[in-house]
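Survey of secondary and tertiary structure
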Amino acid sequence: MTEYTDKLEERIHLGEEINGGEAILLSLMEEGVETIFGYPGGAIMPLYDSLLQSGDSFRHILTRHEQGAIHAAQGFARATGKTGVCFATSGPGATNLLTGIADAYLDSTPLVCVTAQVVDNLVGTDAFQEIDILTMSMAVTKWNARVGSIEELATVLAKAFYVAGTGRPGPVLIDITKNVFSEKVKFKYTKYKSLQTYKPIIQPDLEQVIKAADWMNTAKRPMILFGQGVIQSKSSEELRELVEKTGIPAASTLLGLSALPAGHPLFMGMLGMHGNYAPNLKTGETDLVLAIGMRFDDRVTGKVSNYLRQARIIQVDIDPTELDKNMETELEILADAKAFLISLIPLVRENQHDDWVNSFDDLRKEEQRVVIDHDLKPESGEIVMGEVIIEVSKIVGPKAIVVTDVGQHQMKVARYFPLKTVRTLVTSGGLGTMGFGLPASLGAQLGKPDRTVVLFVGDGGLQMTMQELITIAHEELPVKIILLNNSFLGMVRQWQELFFDKRYASTPITGPDFVKLAEACGMRGVRITNREELAKQLEPAISTDGPVLIEVMVAKEENVFPMVPPGAAVTEMILSAKKNK
């Protein structure tokens with residue numbers, strides 16, 4: 001409680017009315033919100049006036065762009081498991097949130113976005129900075145609503161937090177007309193515990209769980225495939241218990257990484273286009289798949305008609321629209337992952353599948369020989385991404401929160417950074433948003449101030465949101481930025497090399513002097529150009545108090561393998577460019 005809160009509550013107790021801006025801030029307090037990301041403007045100015053008067057009740061982060069604000073809110077939410085909050089004004093302020101809203105929608109990130117709108121009697125007149133953000137955001141929000149009168153404000157905000165954070169999480173947008181911020185109301189806030197029109201199913205059907213257990217108990221070559229739903233339902237321990245009791249090998253989607261610790265003997269690695277060789281190929285041999293909290297997106301399945309055709313599929317998801325959507329499944333279980341696992345574990349037998357598990361080893365050894373050894377022992381003297389990532393992981397340790405942008409470095413981090421602690425990877429999955437990483441890292445650092453936050457980013461992605469370097473420096477956030485600079489839009493260049501006869505159309509990219517840029521923004525900058533410098537400078541640079549940008553010049557034409565070629569099945573994954581020819 002703060003002095004500001006005490007005064008407001010005293011006024012409410014005396015029967016006095018408060019204005020809409022004050023009502024919004026009290027509503028946020030009721031939901032436990034302490035951090036807000038945003039950018040002011042004309043229509044939202046009255047809310048910011050209330051925010052100023054609230055003193056130290058909130059920490060407001062003024063990002064340098066609204067896209068930075070929403071990606072920061074995403075990073076905060078992903079690192080903490082809480083609902084992120086951001087503010088934006090009407091018109092361009094609201095539309096600048098759309099990329100982040102879409103990213104949060106595809107990656108199931110809980111957000112409440114508050115946008116301002118022109119005054120109620122001007123809605124529909126094309127007034128200055130008026131835009132129909134409700135219609136524009138409808139396809140990428142879990143729910144959205146406009147508040148045009150003060151009487152409905154508290155109820156709509158309570159519903160927003162309930163919808164954003166329950167069931168399959170997601171973004172909610174509340175558009176508030178400017179007049180509401182100044183109108184007066186006798187404030188009362190009641191948190192939602194249920195909603196008549198929205199009832200996320202939590203508990204699984206017991207008969208279905210029994211059937212799933214029976215199938216698992218009799219399968220000869222079973223696999224468990226899991227995604228971010230395990231992390232969001234806080235069921236990592238239950239997943240580990242299931243895997244160890246049944247002896248079933250498990251593999252993860254990109255966003256599911258960290259739910260089982262790297263190095264666990266039954267964790268076979270990452271699925272999908274740039275995943276690990278063994279789990280991808282073994283999906284062509286398994287006779288039973290238990291899929292938990294993952295949606296069989298195209299980056300995981302490759303050519304759907306050739307995926308898991310020989311296997312029984314059990315799919316568990318809290319979102320009914322994901323069941324049987326991308327893959328035909330034999331058993332669809334609508335449930336929260338944790339509730340399902342708690343029900344399932346007593347029903348499965350203790351088992352071992354030694355021959356099946358051991359059959360992964362030859363493929364792992366081949367990947368080690370062809371890919372990993374090549375990655376980490378390059379023929380040229382140029383630094384490669386994998387060696388940087390491994391060295392950083394040794395320095396920052398398993399508790400660090402790892403944030404990535406999108407591209408080759410993202411896939412290399414998934415491969416080479418040993419994620420051993422749950423909820424330590426923050427990355428853009430479904431939308432693949434370049435520019436996500438830098439603002440997401442500042443949000444993650446604010447959410448977890450006691451943890452080291454390290455960002456891996458490419459020179460292309462950094463330049464999309466590099467203005468947030470100023471925010472990081474201004475807020476004195478000790479983010480460690482590892483810029484892997486290859487002077488290319490690397491992932492697109494790789495495809496051009498392999499499938500467009502090396503026609504590098506618009507992928508070579510120049511940039512500023514990133515060290516000088518970092519220093520100009522108020523943080524330390526370090527450049528590493530060779531392996532000797534890497535050994536000497538990396539650890540001291542990471543140990544810098546406060547934020548630091550470490551630019552590492554890496555090989556220009558390094559590729560990411562294994563990969564599934566376009567249009568191919570995951571069982572046709574290639575380990576090198578030679579196998580593609």
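Above: the structure in question.
Throughout what follows, the structure given in this document is the object of discussion. (Residues numbered from 1 in each chain as written. Predicted model: local features only at pLDDT ≥ 70, side-chain atom pairs only at ≥ 80, totals over all residues. Heavy atoms only, no water.)

Moving on to a nonpolar patch on the surface. Taken together, Leu206, Ile210 and Leu347 make up a surface patch of nonpolar side chains, about 250 Å² in accessible area. Mapped onto the elements, Ile210 comes out in helix H10 (residues 206–218). Looking at Ile210, the relative accessible area reads 39%, which means it is partly exposed. (Patch = residues over 30% accessible without salt bridge, like charges linked within 9 Å, V, L, I, M, F, W, Y side chains within 5 Å. Areas by Shrake-Rupley, 256 points an atom, 1.4 Å probe, with all protein chains shown as cover. Salt bridge = Lys/Arg side-chain N within 4 Å of Asp/Glu carboxyl O. Helix = DSSP H or I, 4+ residues; strand = E, 2+ residues; numbered from the N terminus. Buried < 20%, exposed > 50% of the residue type's maximum accessible area, 1.4 Å probe, protein only.)

It is at 8 Å that the axes of helix H2 (residues 20–30) and helix H3 (residues 45–53) come closest, and there the two elements cross at 60°. Here H2 lies oblique to H3, going by the angle between them. For the pair H2 and H3, the sense of crossing is right-handed. Side by side, H2 and H3 meet where Gly21, Glu22, Ile24 and Leu25 of the first sit next to Leu47, Ser50 and Leu51 of the second. Residue composition of the contact of H2 with H3, by class: four nonpolar, two polar and one charged. (Axes fitted to C-alpha atoms, helices over the stretch in contact; angles between N-to-C directions. Parallel < 35°, antiparallel > 145°, perpendicular 65-115°, else oblique. Left-handed = near helix turned anticlockwise from the far one by under 90°. Contact = heavy atoms within 4.5 Å. Nonpolar A, V, L, I, M, F, W, Y, C, P; charged D, E, K, R; others polar.)

To continue, consider the sheet that holds strand S19 (residues 524–528). Across the sheet, six strands lie side by side as S16-S15-S17-S18-S20-S19; this open sheet has parallel pairing. The sheet is open, and its two edges are formed by strand S16 (425–426) and S19, each paired on a single side. Across two bridges, the pairing between strand S15 (residues 401–404) and S16 is parallel. Residue pairing across strands places Val403 opposite Val426, the latter belonging to S16. Where helix H23 (residues 514–521) meets the sheet, it contacts strand S18 (480–485), S19 and strand S20 (548–553), and its direction lies at approximately 170° from that of S19. Lying over the sheet, helix H24 (residues 531–542) contacts S18, S19 and S20, oriented at roughly 165° with respect to S19. (Pairing = 2+ DSSP bridges.)

Now for the pairing of S20. Counted residue by residue, S20 has five buried out of six residues, so it is predominantly covered. Bridge count for S18 against S20 is six bridges, and the pairing is parallel. Each residue of the ladder has a partner; that of Ile481, found in S20, is Leu549. Bridge count for S19 against S20 is five bridges, and the pairing is parallel. Residue pairing in the sheet places Arg524 in a bridge with Val548 of S20. Once the chain exits S19 it traverses H24 before rejoining the sheet at S20, and the crossover so formed is right-handed. (Right-handed = clockwise from strand over helix to strand, strands pointing away.)

The next subject is the packing of aromatic side chains. In this description, an aromatic ring pair is defined by two values, namely the gap between the centres and the angle between the planes. The final tally for this structure, using the stated rule, is 11 aromatic pairs. Summarising the aromatic geometry, the rings of Phe187 and Tyr189 are spaced 6.3 Å apart at their centres and angled 15° between planes, so their arrangement reads as stacked. The same class applies to Phe187 as to Tyr189, namely buried. Counting every residue linked through ring pairs, the aromatic cluster contains Tyr162, Tyr192 and Tyr198. Between the NZ or CZ atom of Arg312 and the centre of the ring of Trp215, over which it lies, the distance is 4.1 Å. A cation over a ring is seen here: Arg415 above Tyr416, with NZ or CZ 6.0 Å from the ring centre. (Phe/Tyr/Trp six-rings, centres within 6.5 Å; stacked < 30°, edge-to-face > 60°. Lys NZ or Arg CZ within 6 Å of the ring centre and 35° of its normal.)

This paragraph deals with the nonpolar core. Residues Leu239, Leu290, Leu344 and Phe456 are the most contacted members of the largest nonpolar core, which totals 102 residues. The leading source of residues in this core is helix H16 (residues 354–376), at six residues. Ignoring sequence-local partners within four residues, the contact set of Leu344 consists of Val209, Ala212, Ala213, Met216, Leu242 and Leu290. Counting 48 residues, the second largest nonpolar core, distinct from the first, contains Leu97, Leu111, Leu134 and Val426. (Core = buried A, V, L, I, M, F, W, Y, C linked by side-chain atoms within 4.5 Å.)

All right, on to H2 then. Note that an α-helix has 3.6 residues per turn; residues three or four places apart therefore point the same way. The buried fraction of H2 amounts to nine of the 11 residues, a majority that puts the element mostly inside the structure. When we look at burial in H2, the residues that qualify are Gly20, Gly21, Glu22, Ala23, Ile24, Leu25, Leu26, Ser27 and Leu28. Sitting at the amino-terminal end of H2 is Asn19, which places a side-chain oxygen 3.0 Å from the backbone nitrogen of Gly21. Following H2 by one or two positions, Gly32 has its phi on the positive side, about 80°. (Polar contact = N/O pair within 3.5 Å; in protein donor to acceptor, adjacent residues only side chain to side chain.)

Going through the model one piece at a time under the given rule, you end up with 23 salt bridges. Ionic pairing is found between Glu244 and Arg240, a salt bridge with its closest N-O pair at 3.1 Å. Here Glu244 and its partner Arg240 are both found in helix H12 (residues 236–246), four residues apart, which amounts to about one turn of the helix. Residue classification places Arg240 among the partly exposed residues on the basis of a relative accessible area of 32%. The partner of Lys282 in a salt bridge is Glu285, with the nearest N and O atoms 3.0 Å apart. A relative accessible area of 37% means that Glu285 is categorised as partly exposed. Taken together, the shared-partner salt bridges connect Arg168, Asp319, Glu322 and Lys325 into one network.

Geometric descriptors of this kind do not, in isolation, establish any biological role.
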